[in-house]
Amino acid sequence: MSAKTYEVRTYGCQMNVHDSERLSGLLEGAGYVRAPEGADGDADVVVFNTCAVRENADNKLYGNLGRLAPMKTKRPGMQIAVGGCLAQKDRDTIVKRAPWVDVVFGTHNIGKLPVLLERARIQEEAQVEIAESLEAFPSTLPTRRESAYAAWVSISVGCNNTCTFCIVPALRGKEKDRRPGDILAEVEALVAEGVSEITLLGQNVNAYGSDIGDREAFSKLLRACGKVEGLERVRFTSPHPRDFTDDVIAAMAETPNVMPQLHMPLQSGSDTVLKAMRRSYRQERFLGIIEKVRASIPHAAISTDIIVGFPGETEEDFEQTMHTVREARFANAFTFQYSKRPGTPAAEMEGQIPKEVVQARYMRLVALQEEISWEESKKQVGRTVEVMVAEGEGRKDGATHRLSGRAPDNRLVHFEPSLRGSDDQHGGKPDKEVRPGDVVTVEITYAAPHHLLAEGAALAVRRTRAGDAWEKRNAAPRPAPGVMLGLPSVGVPAPLPSATGGCAIG
């Protein structure tokens, strides 16, 4: 008898992506195997890990569930589970609207999925179990990581902020910090497995320590990561300007493996709008942080999230956002048109902006940021950078015969796989294949707004333990990743699935 198959479909932010890796690990621990690429619901268990941030998130979920209903009728024993933020919010409503769903679980009890599936099978009725508080940190559960060389590490869950556009605190709960020793133990275990890059993950990552009574805990954690032998790159997402203190900037600047990259959500450049959003900083404070970061880390690439068309936003307010963007000179920005998020105070505010006005402002902002991104990218031409080779980042690599990866500042770099100065007998190629996780030194020759090119041969190739881990993992055929996201990545090395501004906005 063949093993049962599973498929996990993920929507939303970094937290959901991290949770999905754990869901996959739990299912594989229970004896399931991942369904082949392109299964599109043709599996024994299909899990939807949902997001409640977007206005039409429920429509998307129920549309997908509806497409699976006839497939389930034709496939005896097939089970469908719905988890994540929308499940936490809607609870029993999901089974009422889609009675063919077998399991509904929330953000706090993802570890229960295998048990709930088995209970639903035995009792032949839907199981709805929504925990009101966290049962286990995601990182303590079994995992099936999508990458052999890069990994998420959750340092906290939940959020203590009350931003009027965000429903996350109601669904993820109050902030709860993980013990530093547990975090470092996981980092060391990951490095022992071959991981060379980690991304510290939290809803408000730099507020870490408030729950354990140490306001400098995050900077101490960054410095501690710097002492982990074999850990080459450390990133984190997403921080909140309110908690971005000088000790964090110093730790970033003084810890060699903390990358010169910062993703810090702005949301709006208008003090009036920031107040209406309940964002506890103002334009001057935000720009002051950027100035300090650049003074300490001159080559830092800074990115952000911006919401256009928040209720009550005037043309003057929008111009303040444009001014902030000009001053900040972000490497890139993830811009969002405001949409009502059910259950948030902003959804009920007066002064909702007409769609055509929001669209026009959005296009002006995108055009400005595109211009700045290109100008900032051009400054990279002529620089020599170390690129960690990625898997799946370069969608055109097959046609261009290039490889792709991330520079320390997280810029995407496409490069030639040949090695400068190699013997003729090697045809200019490295002695051995360059693998994801290996590090290649290249010179940047061309810049586009969202990627860089190194058109000449590589200056050096360093084979790494991370590359060894990738090679070992790929020695036998593996099913393709099943995570499906539709929004851009933020501060995360490939091939981790894309992360969005979404509900992980700091």
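Residues numbered from 1 in each chain as written. Predicted model: local features only at pLDDT ≥ 70, side-chain atom pairs only at ≥ 80, totals over all residues. Heavy atoms only, no water.

S.K.: Sorry, what's going on with the packing of helix H9 (residues 246–254) against helix H11 (residues 283–296) here?
M.R.: Axes are the key here: two packed helices are described by the angle between their axes and the distance separating the axes. Where H9 contacts H11, the two axes come as close as 9 Å, and the packing angle between them is 25°. Here H9 is positioned roughly parallel relative to H11, judged by the angle of their axes. The crossing of H9 and H11 is right-handed. Mapping the contact onto sequence places Asp246, Ile249 and Ala253 in H9 and Ile289, Lys292, Val293 and Ser296 in H11. Here the contact of H9 with H11 is composed, by residue class, of four nonpolar, one polar and two charged. (Axes fitted to C-alpha atoms, helices over the stretch in contact; angles between N-to-C directions. Helix = DSSP H or I, 4+ residues; strand = E, 2+ residues; numbered from the N terminus. Parallel < 35°, antiparallel > 145°, perpendicular 65-115°, else oblique. Left-handed = near helix turned anticlockwise from the far one by under 90°. Contact = heavy atoms within 4.5 Å. Nonpolar A, V, L, I, M, F, W, Y, C, P; charged D, E, K, R; others polar.)

S.K.: Which parts of the structure should I look at to understand the packing of aromatic side chains?
M.R.: Each pair of aromatic rings is reported with the distance of its centres and the angle of its planes. Within this structure, the stated rule accounts for four aromatic pairs. Ring plane angle 65° and centroid distance 6.2 Å describe the contact between Phe286 and Phe330, whose orientation is recorded as edge-to-face. Taken as a pair, Phe286 in helix H11 and Phe330 in the loop between helix H12 (315–328) and strand E14 (332–337) lie far apart in primary sequence, 44 residues in all. Accessibility expressed as a relative area gives 0% for Phe286, which makes it buried. A centroid spacing of 5.5 Å and a plane angle of 75° characterise the contact between Phe310 and Tyr338, whose relative ring orientation is edge-to-face. In this pair, Phe310 sits in the loop between strand E13 (301–308) and H12 while Tyr338 sits in the loop between E14 and helix H13 (355–378), placing the two residues 28 residues apart along the sequence. Assessed through its relative accessible area of 13%, Tyr338 is described here as buried. (Phe/Tyr/Trp six-rings, centres within 6.5 Å; stacked < 30°, edge-to-face > 60°. Buried < 20%, exposed > 50% of the residue type's maximum accessible area, 1.4 Å probe, protein only.)

S.K.: For this particular structure, what's the right way to read the confidence of the model for the chain?
M.R.: Note: predicted coordinates in regions of low pLDDT should not be interpreted at a detailed level. For the chain, the mean per-residue pLDDT works out to 87, and 90% of the residues sit at or above 70. A low-confidence stretch, residues 423–427 (pLDDT under 50), is modelled with two contacts involving residues beyond four sequence positions or located in other chains. Segment residues 478–505 is flagged for pLDDT under 50; beyond a separation of four residues in sequence, or across chains, it makes 101 contacts in the model. (pLDDT = per-residue confidence, 0-100.)

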